[in-house]
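Report on the structure
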Amino acid sequence: MNKILEFRYHNLIVLLFFSLFALLLPIGNVPLFDLDEGAFSEATREMLFNKNFLTTYLNGELRFDKPILIYWFQALSVSIFGLNEFALRIPSVIFSLLWLSAIYLFTNRYFNEKTALYTSIIFLSSLQINIITKAATADALLNMFIVLSMFSFYHYFKTKNINYLYYTFTFIGFGVLTKGPIAILVPLACTFIFLLIKKEFLFWIKSVFNIKGLLIFLVIALPWYILEYLDQGQLFIDGFFLKHNLSRFNSTFEGHSGTYFYFIPVLIFGLLPFSTLVIKTLTKIKTYLNNDINLFLFIWFIFVFIFFSFSNTKLPHYIIYGYTPLFILMGIVFNEYLKQENKKVFLVLFLPLLFFLTIFLFLPNLLQMIPIKDKFVNSIEDEIIEALDIYFQVKLCILIILTLFIYKIKLIKLENKFLLISFIFVISVNYIIVPVVGKIQQEPIKNIALYAKENKLKINMYKMNNPSFNLYSQSLVKKGAPKKGEYILTKKIYLKDFNKYTTIKEEMGIVLIKY
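A brief look at the structure comes next.

1. Here we look at the overall build of the protein chain
Scanning the protein chain from N- to C-terminus turns up 24 helices and six strands. Considering only C-alpha atoms, the protein chain reaches an extent of 75 × 60 × 45 Å along its principal axes. Here the protein chain holds 515 residues, and the buried ones make up 54% of them. Counting only carbon and sulfur atoms, one obtains 65% of the accessible surface of the protein chain, whose full area is about 23700 Å². Both charge centroids of the protein chain, one from 49 positive and one from 32 negative side chains, sit 6 Å from each other.

Pasting the structure below:
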């Protein structure tokens, strides 16, 4: 009993330590990123400014991209902590911690504590998860509800405890209030396929059409949709359901297209530093058909992967809806891997991390060698290289040397090597790479916005779409043909469109001029 308690205490300490460095501490390190973080955050600011908690607006225009729930949470947070990056991101961090807790408890229940720990560390250390869990968007909240609904249904399937079915409807209802129909599609389709294979179709029908469950779902999800329709009418139907949901699957939306193989490289790079472990896990497909839990997890992942591969609109974060089951399968494989005297430890654990660190170490050289097609990026190439300075490279060198040292020291157990390289990756992403990206991409926008706010300037944003500017300047911007006497925010590559102007402020290719 003492050993069990000691192991659980160890797991808790490790997870708290990783959560602190991967989720909580970095959230104020960088400005809000455009487009998504800027758009969600500015819509929340306008909600509070207008005192309209029903309908969201962005730059004074209706925004039907997502339902209301995440805006309410962000508005509550801003009301408590003020208008800043911490307040706008902390809701996502909290939901990510709940997401993590659900993963650990579920994995521990159906597998064991070691697998639960490895799965949780993979979750906390993966590249895409490191980004999305701190983003001031709806994605962490949606993923949490999808995961809770799927876990609840599986509990219901195994125990036949009706309360778990009601939990499933509850979480789906809140998911629909977060991001719409996708919160229904994933659990509905995955449980259908799973129970069809299990020859339990009647059980699925009875579950889906449970009257009390449907009422719970409707009570949670329906009121806002009804009120929004009453407020906006057909504009809401066209903007939300047709444009931002149906059109995303049927047609390419906002230029976000890709081939049927789009998510293969996303999977490999998005799950760094565990890319090799992903491949190793996916090669064991046959073993996932041997028992209910593995089959359930595999169907969940593969459905999301295939469905969005056939969607005409493709974005990297879509596949995250299927990452949780993959994390658990990876945790299982890694736990089995530890039991073997496997000599491929370098390939499985260290090579992806070293590849990642080396790419960023030599990024200044690569930028000079590879032709850059983007005119704006090409115009600020020297400034980007300057931002990737010697301090940036020295930090990465230290991490590379430390990684090789950990690999070479035989006294370090493989399990501890796994924890150490995971932590190195967390540090490299959150404290070295992302801050530099933020400095290059977003700091100029923030600094100029704060200047405009301080000097009470009314801005015309020309050939740019950076809603974070609105947030930091705490104002709406004009978007239209520039007129003489206006203050214009644009990129320096567009200055040729102006005859006479005075440059007020310029940073990293972003310029504020008086026309």
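On we go from here.
2. Some remarks on the nonpolar core
Residues Trp300, Tyr323, Met330, Phe418 and Phe469 are the most contacted members of the largest nonpolar core, which totals 162 residues. When neighbours within four sequence positions are excluded, Phe418 is seen to be in contact with Tyr118, Ile121, Ile122, Phe274, Phe334 and Leu349. Formed by eight residues, the second largest nonpolar core is a distinct cluster that contains Phe498, Val511, Ile513 and Tyr515.

3. Brief notes about the sheet that holds strand E4 (residues 487-491)
Sheet architecture is open: four strands sit in the order E3-E4-E6-E5, paired in mixed fashion. Each of the sheet's edge strands pairs with one partner strand only, and the pair in question is strand E3 (459-461) and strand E5 (502-507). The average undirected angle you get between the axes of adjacent strands in this sheet is 25 degrees. Packing against the sheet, helix H23 (residues 443-454) makes contact with E3, E4, E5 and strand E6 (510-514), and its axis sits at approximately 135 degrees to E5.

4. Quick word on the packing of helix H4 (residues 85-110) against helix H7 (residues 139-159)
Between H4 and H7, the shortest axis-to-axis distance is 9 Å and the interhelical angle comes to 25 degrees. Between H4 and H7, the angle falls in the class roughly parallel. Crossing of H4 against H7: the hand is left-handed. Here Ser92, Phe95, Ser96, Leu98, Trp99, Ala102, Ile103, Phe106, Arg109 and Tyr110 of H4 come into contact with H7, specifically with Ala140, Leu141, Asn143, Met144, Val147, Leu148, Phe151, Tyr154, His155, Lys158 and Thr159.

5. A short note on a nonpolar patch on the surface
A cluster of nonpolar side chains, namely Ile211, Leu215, Leu218, Leu222, Ile226, Leu227, Tyr229 and Leu230, defines an oily patch on the protein surface of about 770 Å² accessible area. Structurally, Ile211 can be placed in helix H11 (residues 211-232). Note on Ile211: relative accessible area 61%, which makes it exposed.

6. Re helix H8 (residues 162-179)
The α-helix winds at 3.6 residues per turn, so residues separated by three or four positions along the chain end up facing the same way. Taking 1.5 Å as the rise per residue, H8 with 18 residues should run 26 Å; its terminal C-alpha atoms sit 26 Å apart, in good agreement. All of the buried residues along H8 are Leu165, Tyr166, Thr168, Phe169, Phe171, Ile172, Gly173, Gly175, Val176, Leu177, Thr178 and Lys179. Between the side-chain oxygen at the start of H8 and the backbone nitrogen of Asn163 there is a gap of 3.0 Å, and the oxygen is on Asn161. Downstream of H8 by a residue or two, Gly180 has a phi angle that is positive, lying close to 95 degrees.

Definitions and limits used
- Residues numbered from 1 in each chain as written.
- Predicted model: local features only at pLDDT ≥ 70, side-chain atom pairs only at ≥ 80, totals over all residues.
- Heavy atoms only, no water.
- Helix = DSSP H or I, 4+ residues; strand = E, 2+ residues; numbered from the N terminus.
- Buried < 20%, exposed > 50% of the residue type's maximum accessible area, 1.4 Å probe, protein only.
- Areas by Shrake-Rupley, 256 points an atom, 1.4 Å probe, with all protein chains shown as cover.
- Lys, Arg positive; Asp, Glu negative; His and termini not counted.
- Charge placed at Lys NZ, Arg CZ, Asp CG, Glu CD.
- Core = buried A, V, L, I, M, F, W, Y, C linked by side-chain atoms within 4.5 Å.
- Contact = heavy atoms within 4.5 Å.
- Pairing = 2+ DSSP bridges.
- Axes fitted to C-alpha atoms, helices over the stretch in contact; angles between N-to-C directions.
- Parallel < 35°, antiparallel > 145°, perpendicular 65-115°, else oblique.
- Left-handed = near helix turned anticlockwise from the far one by under 90°.
- Patch = residues over 30% accessible without salt bridge, like charges linked within 9 Å, V, L, I, M, F, W, Y side chains within 5 Å.
- Salt bridge = Lys/Arg side-chain N within 4 Å of Asp/Glu carboxyl O.
- Expected span 1.5 Å × (residues − 1).
- Polar contact = N/O pair within 3.5 Å; in protein donor to acceptor, adjacent residues only side chain to side chain.

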